[in-house]
Amino acid sequence: MDQAGTRVVHQGDGVEWLRRAPLPPDHAIVTSLPDHSELPRLGFAGWKSWFTDVSELACRQVADDAVAIFYQTDVKHDGRWVDKAYLASRGAEAAGSECLWHKVVCRAPPGITTFGRPSYTHLLCFSRTLRLAPGQSSPDVLPRLGEMPWARAMGAEACEAVCQFLLAHTACRTVVDPFCGLGTMLAVANRRGLDAIGVELSPKRAAQARQLEIRLPPRS
Ligand SMILES: C[S@@+](CC[C@H](N)C(=O)[O-])C[C@H]1O[C@@H](n2cnc3c(N)ncnc32)[C@H](O)[C@@H]1O
């Protein structure tokens, strides 16, 4: 039987919240940074710099042995792919963090031609000092996103894989999502007994994130 964790959702600026102080050692960041279409005031080049800077900030604000995990779907912009895994990796490198794993989550079956958004999502995990032995490996390709409460949500099955990793291979027992949207990651973390803290700029979404429940299949 799953034990529910606690959940706190702040309405406000996730970047300002992150800047306030480094996080305690048992806190992991698991987030999906906004796409450039969500931050039009920055312009495209400005958004790319913002994305890299915020990835760096997230990696800096977790403790040495903790992790920052990014769930990001690329987009096509003006005839070019925008590789968000690359942007997050640049931020992580600037923070002195290394990639522990890079998973691909299928959004559509292999062999499908996509336009606009690809048939995969990146899931990347960074840490400054944590290292994983070969026996701590887990699947690189996740076959499904799982339930998504809205189009920009993280997939619940991907969130579940993140929780399994945190519980098995880290000391992190609180998940922080500074751009929590409707709170998919928070709801899945709670289901698996992890505490969760979210920050969301939109008052409406912040309110919804306080209430969201996600049903998960029982763990085998
Ligand atoms: C990609 S969506 C996250 C979706 C979320 N993972 C979910 O499952 O619902 C990005 C979210 O960041 C929010 N956002 C944009 N700028 C923000 C900021 N400065 N601080 C906090 N939230 C912000 C947007 O309102 C949007 O809900």
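In what follows, the accompanying structure is described.

1. Here we look at the site of the ligand
At step 1: Of all residues adjacent to the ligand, which total 21 residues, the nearest are Gly-14, Trp-150, Leu-182, Thr-184 and Glu-200.
At step 2: Between the ligand and Trp-150 there is a distance of 2.6 Å, counted from an oxygen atom to a side-chain nitrogen or oxygen.
At step 3: Arg-205 places a polar side-chain atom, nitrogen or oxygen, 2.9 Å from an oxygen atom of the ligand.
At step 4: About the coverage of the ligand: the protein hides 95% of its 600 Å² of free accessible area.
At step 5: Class assignment of the residues belonging to the shell around the ligand gives a composition of 10 nonpolar, six polar and five charged.

2. Some thoughts on the pattern of salt bridges
At step 1: In total, this model carries 10 salt bridges according to the counting rule given.
At step 2: The salt bridge involving Arg-128 is made with Asp-64; its shortest N-O contact spans 2.9 Å. Here Arg-128, found in the loop between strand 7 (120–127) and strand 8 (141–142), pairs with Asp-64, found in the loop between helix 2 (43–61) and strand 3 (68–72); they are 64 residues apart in sequence, far enough to count as distant.
At step 3: Taking the relative accessible area as the measure of exposure, Asp-64 reaches 41% and is therefore partly exposed.

3. As for the nonpolar core
At step 1: Formed by 70 residues in total, the largest nonpolar core has its most connected members in Trp-50, Val-67, Ile-69, Leu-123, Leu-166 and Met-185.
At step 2: With near-sequence residues (within four places) excluded, Trp-50 lies in contact with Val-15, Leu-33, Pro-34, Leu-39, Leu-42 and Phe-179.

4. Side note on the sheet that holds strand 1 (residues 7–11)
At step 1: Spatial ordering of the open sheet is given by 1-10-9-2-3-7-6-8, a layout of eight strands whose pairing is mixed. Whereas interior strands pair on both sides, the edge strands pair on one side only; in this sheet they are strand 1 and strand 8.
At step 2: Examined bridge by bridge, strand 9 (residues 174–177) and strand 10 (residues 195–200) share four bridges and lie parallel to one another. Each bridged residue has a counterpart across the sheet, and for Val-176 the counterpart in strand 10 is Ile-197.
At step 3: Relative to strand 7, helix 3 (residues 84–94) is tilted by about 10°, and along the sheet it contacts strand 3, strand 6 (98–106) and strand 7.
At step 4: Strands strand 1, strand 2 (27–31), strand 9 and strand 10 of the sheet are contacted by helix 5 (residues 184–191), whose axis makes an angle of about 170° with strand 10.

5. A short note on the side chain of Asp-35
At step 1: By the secondary structure assignment, Asp-35 is in the loop between strand 2 and helix 2.
At step 2: Excluding residues that lie within four positions of it along the chain, Asp-35 makes contacts with Trp-47, Val-75, Lys-84 and Arg-152.

6. Examining the pairing of strand 10
At step 1: Of all six residues making up strand 10, five are buried, and the element is well covered by its neighbours.
At step 2: Sheet topology note: the strand 1/strand 10 ladder contains five bridges and is parallel. What sits directly across from Val-9, in strand 10, is Gly-198.
At step 3: Where the polypeptide runs from strand 9 across helix 5 and back to strand 10, its parallel neighbour, the crossover connection is right-handed.

What counts and what doesn't
Residues numbered from 1 in each chain as written. Predicted model: local features only at pLDDT ≥ 70, side-chain atom pairs only at ≥ 80, totals over all residues. Heavy atoms only, no water. Near = heavy atom within 4 Å. Polar contact = N/O pair within 3.5 Å; in protein donor to acceptor, adjacent residues only side chain to side chain. Areas by Shrake-Rupley, 256 points an atom, 1.4 Å probe, with all protein chains shown as cover. Nonpolar A, V, L, I, M, F, W, Y, C, P; charged D, E, K, R; others polar. Salt bridge = Lys/Arg side-chain N within 4 Å of Asp/Glu carboxyl O. Helix = DSSP H or I, 4+ residues; strand = E, 2+ residues; numbered from the N terminus. Buried < 20%, exposed > 50% of the residue type's maximum accessible area, 1.4 Å probe, protein only. Core = buried A, V, L, I, M, F, W, Y, C linked by side-chain atoms within 4.5 Å. Contact = heavy atoms within 4.5 Å. Pairing = 2+ DSSP bridges. Axes fitted to C-alpha atoms, helices over the stretch in contact; angles between N-to-C directions. Right-handed = clockwise from strand over helix to strand, strands pointing away.

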